[in-house]
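Commentary on secondary and tertiary structure
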Amino acid sequence: MAEEGTKHPKKSARQRIANKTRQIIHVLYNSGNINKAGLAYLRQSKSMTSPKAMMVLPDFMRFMDADMISQSGELTRAEVAVFTAVRLYAFHQQSKDVSVYGPVNTNTNDSEEPLGKQIFTVLRELRKNLKTRQALDGRVQQILGATNIASVNNSLNQLIRIIKSADLSIPIDYGLLARDLFDFQMSYEQANRVRLRWGQQYFKNIVDDQTDNNEGEK
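Residues numbered from 1 in each chain as written. Predicted model: local features only at pLDDT ≥ 70, side-chain atom pairs only at ≥ 80, totals over all residues. Heavy atoms only, no water.

One way to see where empty space is left: roll a probe the size of a water molecule over the atoms. Of the pockets and cavities examined, the largest pocket occupies roughly 270 Å³. The element contributing the most residues to the lining of the largest pocket is helix H4 (residues 77-93), with six residues. Residue composition of the lining of the largest pocket, grouped by class: six nonpolar, five polar and three charged. (1 Å grid on protein atoms, 1.4 Å probe; cavity = no way out; pocket = protein on both sides within 12 Å on 5 of 7 lines; lining within 4 Å. Points joined across faces, edges and corners; volume = space filled by probe spheres on them. Helix = DSSP H or I, 4+ residues; strand = E, 2+ residues; numbered from the N terminus. Nonpolar A, V, L, I, M, F, W, Y, C, P; charged D, E, K, R; others polar.)

Applying the stated criterion across every chain, the model contains one cavity of 30 Å³ or more. When its volume is computed, the largest cavity comes out at roughly 40 Å³. Lining the largest cavity are Gln118, Ile119, Ile172, Asp173, Leu176, Leu177, Asp180 and Trp198. A per-element tally of the lining of the largest cavity places helix H8 (residues 174-184) first, with three residues. Its residues placed into classes, the lining of the largest cavity shows five nonpolar, one polar and two charged.

Relative to the 22 Å expected for 16 residues at 1.5 Å per residue, helix H9 (residues 188-203) spans 22 Å between its end C-alpha atoms, a close match to the ideal helical length. Those residues of H9 not exposed but buried are Ala191, Val194, Arg195, Trp198, Gly199, Gln201 and Tyr202. For H9, the arc enclosing every buried residue in end-on projection is 160 degrees, short of the 170-degree limit, so these residues lie on one face. Facing away from the buried surface of H9 by more than 90 degrees, the exposed residues are Arg193 and Leu196. (Expected span 1.5 Å × (residues − 1). Buried < 20%, exposed > 50% of the residue type's maximum accessible area, 1.4 Å probe, protein only. Arc of directions from axis to C-beta.)

The following block contains the structure:
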């Protein structure tokens, strides 16, 4: 594991966002000795400024680089992205012993975790069910039409609950989700690119899902 709170000059901001998210999740999961209280605090917190979020703030500050942290109390894009992704992980991990996090490829896999997929690739698995496809498509279209990060976060919360209720045994790379959320906040053009990327992952007519493990670090 990288040194805590150390900035990696050769890595882009978005790469560091993904890595910090993974490190925080590893601490919360703690090799199966799950910090259940910490995950509960996260689920009860709508943002990093919520009182309950203060209970897990040390786990975030332990890894966040100085340039990611707010100096004024107004959350940075990095803080919003990392907190949102980790909070979604907390909802997904609830009542589960096996980790629901997994990196999309071995380049980011520094442990024996199973490989995971990106969230909209996982949702595509659910889309194969013709009985629920129309309703799921509607949920996904909502997020693809969202123009602000608050709407995106609300929609992602609903989609994670759908994945959790389906009881799929496919881990999700929450680090890459944080990276996408960071990108989304950068500009209107970047948000468009993120929405397009998500839509392509979800609607893609795929023959061999194994190729998805190569789509994460583009």
